[in-house]
Amino acid sequence: MSALLEVSDLNKHFGGLHAVKNVALSVERGEIVGVLGPNGAGKTTLYNLLTGFIAPDAGARITFEGRSLLGLAPHRIARLGISRTFQLCRPFVGMSVLENVIVGALGSELGRGTDLDALAQALLGRVGLTGKEQVPVEVLSYGDQRRLEIARALAAKPKLLLLDEPFAGLGSGEIEDLSMLIRQVHADEGLTVILIEHKLREFMRLVGRVIALDFGEVIAQGSPEDIVRHPAVIEAYIGRGNEVETEPTHAA
Ligand SMILES: Nc1ncnc2c1ncn2[C@@H]1O[C@H](COP(=O)(O)OP(=O)(O)O)[C@@H](O)[C@H]1O
Ligand SMILES: [Mg+2]
């Protein structure tokens, strides 16, 4: 059987900038895969290409469950079972927490009879936001907004969940909690997860495999343990004064 997601010859130029360069990767059902890379490595662009927000250069192949995603609009791709979160949370301002999750379910193929209110309530319970259903999203803490993003992405009942720097701006306790939530969702639903980070430390216990990007190219793939020792990864981080495994720094 083919992999859940298969990508080859993926390229994206922005003018003269080759932001994604000959990327090939495949993700099996049930994996948690990490995409690692310094700022500007092309990680978010990769997600934008996978989800139809931008079109790749000619010659790419992107298949999901054996079916090509090329040329499909984002909502079509979402309907096929790929949900994403954004690096910067994008809640629907002016709506309650509960309404935000319901909106997440609307684009999916849930049956007409689905009780969206109950579904959204249940998801908010899973991400630890019970009691905040009626709160306007603007007043949520940053950590709670990240949880809401995940609840909203899960509302569409995805087969593949793409998380873009879910730990950014969180303290270490919140990172632990969110990691546990991701692991639970993965275990309970057999959900396949791809997670972007630029610090390897956050990956170590969560992902089974890491794909390291630098300047748009895949420079290494392997277990987190192998990746920390990979010369190309060390060069990409240490060589430029970045961190591979040091203490994470977090916004207050
Ligand atoms: N829409 C765009 N137009 C022009 N340049 C872009 C666009 N999106 C991203 N880039 C550039 O592509 C490179 C990769 O960006 P990005 O994928 O956001 O990196 P990452 O998520 O790994 O930090 C960066 O140099 C960025 O400035
Ligand atoms: Mg990014």
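All values derive from a computational prediction rather than experimental measurement.

Here we come to the overall build of the chain. When helices and strands are tallied, the chain shows eight helices and 10 strands. The C-alpha radius of gyration computed for the chain amounts to 18 Å, which stays within 12% of the reference 18 Å derived for 252 residues, consistent with globular compactness. Each principal axis of the C-alpha atoms in the chain carries an extent, and together these give about 50 × 40 × 35 Å. In the chain, of all internal contacts separated by at least 6 residues, the share reaching a separation of at least 24 is 66%.

Taken together, the residues surrounding ligand 1 are Phe14, Leu17, Ala19, Gly37, Asn39, Gly40, Ala41, Gly42, Lys43, Thr44 and Thr45. Counting residues per element, the shell around ligand 1 draws most heavily on helix α1 (residues 43-50), at three residues.

Our focus in this paragraph is the environment of Val210. Looking at the element boundaries, Val210 is found in strand β9 (residues 209-214). Once the C-alpha coordinates of Val210 and Thr45 are considered, the two residues, 165 residues apart in sequence, prove to be 17 Å apart. Leaving out residues up to four positions away in the same chain, Val210 has contacts with Gly34, Leu36, Phe203, Gln221, Gly222, Pro224 and Ile227.

For the rest of this paragraph, the subject is the environment of Ser223. Tracing the chain through its elements places Ser223 in the loop between β10 (217-222) and α7 (224-229). Considered as a pair, Ser223 and Ala24 are 199 residues apart in the sequence and their alpha carbons are 17 Å apart.

Cut-off values and rules
- Residues numbered from 1 in each chain as written.
- Chains lettered and ligands numbered in written order.
- Predicted model: local features only at pLDDT ≥ 70, side-chain atom pairs only at ≥ 80, totals over all residues.
- Helix = DSSP H or I, 4+ residues; strand = E, 2+ residues; numbered from the N terminus.
- Rg over C-alpha atoms; globule rule 2.2 N^0.38 Å.
- Contact = placed C-beta atoms within 7 Å.
- Near = placed C-beta within 6 Å.

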